[in-house]
Amino acid sequence: MRVRALLGLALGAAFVVAAPGPTVAAPTAHDDPGHGGKGPIGWETYRDLDAMARLRSAAQVRQFSSFDRAGGNNDGFENTYSCLRNTDDGCVIAERGGAGELESMWFTRDYGSMVHNGRIKVELDGKVVVDELLQELVDGKVGAPFAWPLVGNGDDTAGGSVIKVPMPYRESMRVTVQRAPFFYHVSYREFADADGVRTFDPRDKAQDVVDRLRAFGIRDPKPALPGATTSARTADVAPGAGAAFASLSGSGLISKVRVRLPQVVASPRVGNDGRAFSAGGSSTFRVAVDPSNDGVRLTRRIDPVIANQVARLVVDGKPAGTWDSGPARPGGSWVDQVLEIPAAVTKGKSSLRISNEFVSSALDVNEFRYDVHSKLGAGWTRTDVLDLGPGHDGEETAHGYAIRNQSWEGQRVYRYPVDPAKLTASDAVLAGARLRITFDGQTTVDAPVGEFFGSGLGEYDTRTMFSSIDATSDGWYTAWWAMPYGAGAKVELVNASTVPITGAVVEVTSARDRSVAADLSSGALGHFHATHQSGPTTPDVPWNFLATQGTGVFYGVTHSMRGNIPAGNRRNYLEGDERVYVDGARSPVMHGTGTEDFYESGWYFRDGTTYTMPLAGNPAYELDGDGCRYDCTGAYRLMVGDAVSFAKGLRFDIEHGPADNEPADYSSTAYWYGTPTVSLTETDTIDLADTASRETHAYSAAGESTATLASTFEGNGDTTPVSHGVTSATGRVEFTLTVPQSNAGVRLLRMGDQNVPYQRATVYVNDKRVGEWLQPLGNQHSRWLEDSFELPGSATQGRSELKIRIEPADGSPPWSAATYRALSRS
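Owing to the predicted nature of the structure, the values given are computational and were not obtained by experimental measurement. (Residues numbered from 1 in each chain as written. Predicted model: local features only at pLDDT ≥ 70, side-chain atom pairs only at ≥ 80, totals over all residues. Heavy atoms only, no water.)

## Considerations on the overall build of the protein
As a reminder, the rule being used: Runs of H or I in DSSP of at least four residues are treated as helices and runs of E of at least two as strands, each being numbered from the N terminus. For the radius of gyration, the atom set is restricted to C-alpha positions; the globular benchmark scales as 2.2 Å times the number of residues to the power 0.38. Type-normalised accessible area, obtained with a 1.4 Å probe on protein chains alone, sets the label of each residue: buried when under 20%, exposed when over 50%, and partly exposed for intermediate values.
Secondary structure assignment for the protein yields 12 helices and 56 strands. Against the globule reference of 28 Å for 826 residues, the protein gives a C-alpha radius of gyration of 27 Å, in line with a compact fold. Once the C-alpha set of the protein is aligned to its principal axes, its extents read approximately 85 × 60 × 50 Å. Looking at the protein as a whole, 62% of its 826 residues are labelled buried.

## Thoughts on the packing of aromatic side chains
For clarity, the threshold we go by: Centres within 6.5 Å make a pair out of two Phe, Tyr or Trp rings, where for Trp the six-membered ring is used; the pair is then stacked when the planes are under 30 degrees apart, edge-to-face when over 60, and tilted otherwise. Placement of a charge over a ring requires the Lys NZ or Arg CZ to be within 6 Å of the ring centre, with the centre-to-atom vector within 35 degrees of the ring normal.
The full count for this structure, using the stated rule, is 32 aromatic pairs. An angle of 45 degrees between the planes, with centres 4.8 Å apart, marks the rings of Phe285 and Tyr370 as tilted. In this pair, Phe285 is assigned in strand 16 (residues 269-288) and Tyr370 in strand 23 (residues 369-376), connecting sequence segments 85 residues apart. In this structure Phe285 comes out as buried when scored by relative accessible area, which is 0%. The residue whose ring lies beneath Arg258 is Trp476, and the NZ or CZ to ring-centre distance is 4.0 Å. Against the face of Tyr764 rests Arg805, its NZ or CZ located 3.9 Å from the ring centre.

## Re unusual backbone geometry
Cis geometry marks the peptide bond from Ala144 to Pro145; its omega dihedral reads 10 degrees. With respect to the element layout, Pro145 can be found in the loop between helix 2 (134-138) and strand 8 (151-152). Here Trp148 and Pro149 are connected by a cis peptide whose omega angle stands at 5 degrees. Relative to the elements of secondary structure, Pro149 occurs in the loop between helix 2 and strand 8. Even without being a glycine, Asp583 presents a positive backbone phi close to 55 degrees. For Asp583, the position within the fold is in the loop between strand 37 (578-582) and strand 38 (590-591).

## Brief notes about the layout of surface pockets
This is how the line gets drawn: Cavities and pockets are found on a 1 Å grid laid over the protein atoms alone: a cavity is a set of points where a 1.4 Å probe fits but cannot escape, a pocket is an open set with protein on both sides within 12 Å along at least five of seven lines, and a lining residue has an atom within 4 Å of such a point. Grid points are joined across faces, edges and corners, and a volume is the space filled by probe spheres set on the points. In the scheme used here, Gly and all other residues not listed as nonpolar or charged are polar, with Ala, Val, Leu, Ile, Met, Phe, Trp, Tyr, Cys and Pro taken as nonpolar and Asp, Glu, Lys and Arg as charged.
Roughly 870 Å³ of volume is contained in the largest pocket. As for the largest pocket, its lining consists of 34 residues, and the residues nearest its centre are Asp220, Lys256, Asp290, Thr381 and Trp480. Broken down by secondary-structure element, the contributors of at least two residues to the lining of the largest pocket are strand 15 (252-260), strand 24 (379-387) and strand 33 (501-512). Here the residues of the lining of the largest pocket are counted per class, giving 14 nonpolar, 11 polar and nine charged.

## So, the pattern of salt bridges
Put simply, the test is: By convention in these notes, a salt bridge is any Lys or Arg side-chain nitrogen within 4 Å of a carboxyl oxygen on Asp or Glu.
Applying the stated rule across the entire model yields 51 salt bridges. Close ionic contact of Arg434 with Asp446 constitutes a salt bridge, the shortest N to O distance being 2.7 Å. Here Asp446 lies in strand 27 (residues 442-448) and Arg434 lies in strand 26 (residues 433-439), a separation of 12 residues in the sequence. Judged by relative accessible area, which is 23%, Asp446 ranks as partly exposed. The salt bridge partner of Arg651 is Asp653, with a shortest N-O separation of 2.8 Å. By relative accessible area, Arg651 is classed as partly exposed at 34%. Here the salt bridges share partners, and the residues they tie into one network are Arg369, Asp371, Arg382, Asp387, Asp461 and Asp470.

## Here's the deal with the nonpolar core
This is how it is decided: Note on terminology: a nonpolar core comprises buried Ala, Val, Leu, Ile, Met, Phe, Trp, Tyr and Cys residues joined through side-chain atoms within 4.5 Å.
Counting residues in each nonpolar core, the largest one holds 99 residues, and the members touching the most others are Ile163, Met167, Phe452 and Trp481. By size, the runner-up hydrophobic cluster in this structure holds 38 residues, among which are Val61, Trp148, Phe216 and Ile565.

## Details of the sheet that holds strand 43 (residues 649-654)
As a general point, the strands of a sheet are linked pairwise by backbone hydrogen bonds and lie either parallel or antiparallel. Our working rule: Here, any two strands with at least 2 DSSP bridges between them count as paired.
Taken together, four strands build an open sheet; the order of strands is 35-43-37-38 and the sheet is antiparallel. The sheet is open, and its two borders are formed by strand 35 (543-549) and strand 38, each paired with just one other strand. Pairing analysis gives six bridges linking strand 35 to strand 43, with the strands arranged antiparallel. Residue Thr548 lies in a different strand from strand 43, and its bridge partner there is Leu650.

## A closer look at helix 6 (residues 420-432)
Our working rule: Expected helix span is given by 1.5 Å per residue-to-residue step, counting one fewer step than there are residues. Contacts between residues were defined by any pair of non-hydrogen atoms, one from each residue, lying within 4.5 Å. We call two N or O atoms a polar contact when they sit within 3.5 Å, provided that within protein one can donate a hydrogen and the other can accept it, with sequence-adjacent residues counted only if both atoms are side-chain atoms.
The end-to-end C-alpha distance of helix 6, which contains 13 residues, comes to 18 Å, matching closely the 18 Å that a straight helix rising 1.5 Å per residue would cover. Turning to helix 6, its buried residues are Leu423, Ser426, Asp427, Val429, Leu430 and Gly432. In this fold, the buried residues of helix 6 make contact with strand 26, strand 27, helix 7 (449-453), strand 30 (477-479), strand 32 (488-495) and strand 33. Among the residues of helix 6, the N-terminal cap falls to Asp419, whose side-chain oxygen and the backbone nitrogen of Ala421 are separated by 2.9 Å.

## A look at the state of the cysteines
Worth spelling out the cut-off: Only a pair of cysteine sulfur atoms within 2.5 Å qualifies as a disulfide here.
Scanning all chains against the criterion turns up two disulfides. Covalently, Cys628 is tied to Cys632 through a disulfide, its sulfur atoms 2.2 Å apart. Here the disulfide of Cys628 and Cys632 is right-handed, its torsion about the S-S bond being about 95 degrees. Given a relative accessible area of 2%, Cys632 falls into the buried group. If one numbers only the bonded cysteines of the protein, in the order they occur, the disulfide pattern is 1-2, 3-4.

## Things to note about the sheet that holds strand 48 (residues 722-729)
Heads up, the condition is: Simply put, an axis is a line fit to the C-alpha atoms, just over the touching stretch for a helix, and the angle between two N-to-C directions goes from 0 to 180 degrees.
Reading across the sheet, the three strands line up as 47-48-55 and stay open at both edges, with antiparallel pairing between neighbours. Either end of the sheet is taken by a strand with one partner, and the two such strands are strand 47 (705-711) and strand 55 (815-817). Sheet twist, expressed as the mean angle between neighbouring strand axes with direction ignored, is 30 degrees. With seven bridges connecting them, strand 47 and strand 48 associate as antiparallel partners. Bridged to Ser711 within strand 48 is Val722.

## Structural notes on the side chain of Glu714
With respect to the helices and strands, Glu714 occurs in the loop between strand 47 and strand 48. At a separation of 2.9 Å, a polar atom in the side chain of Glu714 contacts the side chain of Gln754. Within the structure, Glu714 has its side chain in polar contact with the side chain of Asn779 (distance 2.9 Å). Apart from the residues within four sequence positions on either side, Glu714 is in contact with Phe67, Tyr581, Pro588, Gln754, Asn779, Ser782 and Trp784.

## Thoughts on the side chain of Asn293
Mapped onto the elements of the fold, Asn293 is located in the loop between strand 16 and strand 17 (296-302). Looking at Asn293, its side chain comes within polar contact range of the main-chain nitrogen of Gly295, at 2.9 Å. Here Asn293 is in contact with Thr346, Lys347, Gly348, Lys349, Ser374, Lys375 and Leu376, once residues within four sequence places are set aside.

## A word on empty space enclosed by the protein
Inspection of the entire model under this criterion finds 11 cavities of 30 Å³ or more. Quantified by volume, the largest cavity comes out at close to 250 Å³. Around the largest cavity, the lining comprises 24 residues; the ones closest to its centre are Arg62, Gln63, Pro588, Val589 and Leu777. Taken together, the elements giving at least two residues each to the lining of the largest cavity come down to strand 2 (59-65), strand 38, strand 50 (746-753) and strand 53 (784-791). Among the elements that line the lining of the largest cavity, the one with the most residues is strand 2, at five residues. Residue classes in the lining of the largest cavity are distributed as 10 nonpolar, seven polar and seven charged.

Honestly, it's all geometry; don't read function into it.
Spelled out as structure tokens, the structure:
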């Protein structure tokens, strides 16, 4: 399968089929613990991953970021737009009233160092829950729950820093950084009410969540599905043909799909950091194995430029083999060594303590990475990875890695030997072979095999929370997305390449569940989708990951970028920002600061450094070869807490270059759940520039002034002027809205002038206070903003007319509005 230089014995992999079990009830929307469509809250975000197919349109994701308000590329370089306001504590970067949850924070400056940001303070419901040096927080020094990989520093992410700890709040949130942070994103969810919400408690270490995420790309992150069975089939697929590998009937869920394509070879260019130890030295660490194993295989990556590196392998105190690199080999090539540990040493154990002890060498003994496979039945399944080195402190700590007599640490970008013709054919298969899955008669998954599993540029070792590509010999491609079906499902491979596929193996793990059909029919669950796009970029038009109508949740994307810039800054295509539009609103709910920033890295992925984390990564980088004409990047981003829910429609775009101006060939596969049924409908509109509309809605405003504003919206509309009448009020605003009595809540959208930030008001429905509407955003360039406020169902259900009262806070800037739109939830 994968052609590499291997020292030792490598055995072929095969599949394991689980014994059939009884029909069981898997977690579905009916198990929602009373959150009223908000989705998981707090640590449920990572504990309830089996419920990802639940639709959660009662929550809306939003983002604060340092993007250039003038529409240019000054997204943080000069701190121009990095602070919402300044206080005695420093630079406020996020602030909101009402209930919600902080989901994700990303920062970069100084090539990934956070030292000059000073402290970060997080206040929820008026209480300080975090007050730490930002660098120490993302280094994991504060301790769980702020532990790797729920946090990551500039080495973990190749130039960024991330915080992925979900922090719910009932009334308010504020995030302040001691000194202006240059580039940042803060993503959060808004809830209409605080039902089911408990304020984040940093004393809860959530060690089970930390442990689960540390197994990313190795083990299914979802709870075990009782009664699951696995079907497996091997088949050849001729060019232009397709083959069915699984046909399932009845109601149930697919919990895992595995694919192996024997003729695919691993991509040769690999960047990795590592360490070396000299005479009297050793390295020790602990790895996970399957207790039912019949032996364990260790694959060890080394730099063979040093001759005769010999080390003794000791497992749980027992000698288990010898590593011997042999004669020196020319610089620039990787070698993988393989040793098999007998079952007598490993069987019945869930972990092993590995020691490598120096025996002899021309200089020292180096090591860069260990892949651990457990023998299950006739084949091998990867059960752990230790990617070590100075850029992997979190991974080393998680494995208890220690080195004695260290003589070197550093980075290498080397190649594995590979036949160029085989590599070309391999890449063609990964790009042309498509995984196609049909649920209930609808094909919703249709994507290239490589990109679906995390790497669209070739076979690069990839580990994400929901998928992996094991690029070692006979490794599997695995996906753990939950995939519900009501009447049946079919899994196929379609070979759109010109290369015959021989001996393809596909495994599908599923379980029956009678309730899934009803939940899909009612709209409580959505079908899983993997939507693929490919082609050349178009000047002045952003690349579209997904444009769809209906109700759903967007969970992420794998993105393959082939820049076509022959000279100068050949990575300038990475200067494009993401922009996300939800449910017809004219302002984006997310506006990013750069492509590598969206993938939670920085500085062009530290100039091409590859990395993988559970929720974002850059596993592939090619330069002037291996099928890449100039400069090519493969990246992924998964959005779990910050998944984008929509109830009417979604458009998710990303620019190619700072002004959609750089030529490239892009492809992408977007992961989402959804149904074509719309669950949010516009039921009334007030145009404040129209006298009849004001009268119809009994509109009044104290201290009102009117004007005409000619300006633009942020994002895709920042070059298209809009002229409309706009009002501002210093006192009470009142009006009525018509809604269906059957509504489950109402979203109130306000189009207004954001020239002055921090407009704040209290909102009442039929004289009942429903919350505070705080809008800290401001923009003197693109002044139009359409923001929203969620009116809870408890205040709107059973009513056909709502009396809205908005009372601006004392000292607040005048309340601006041009139109109000009511979107009723069904």
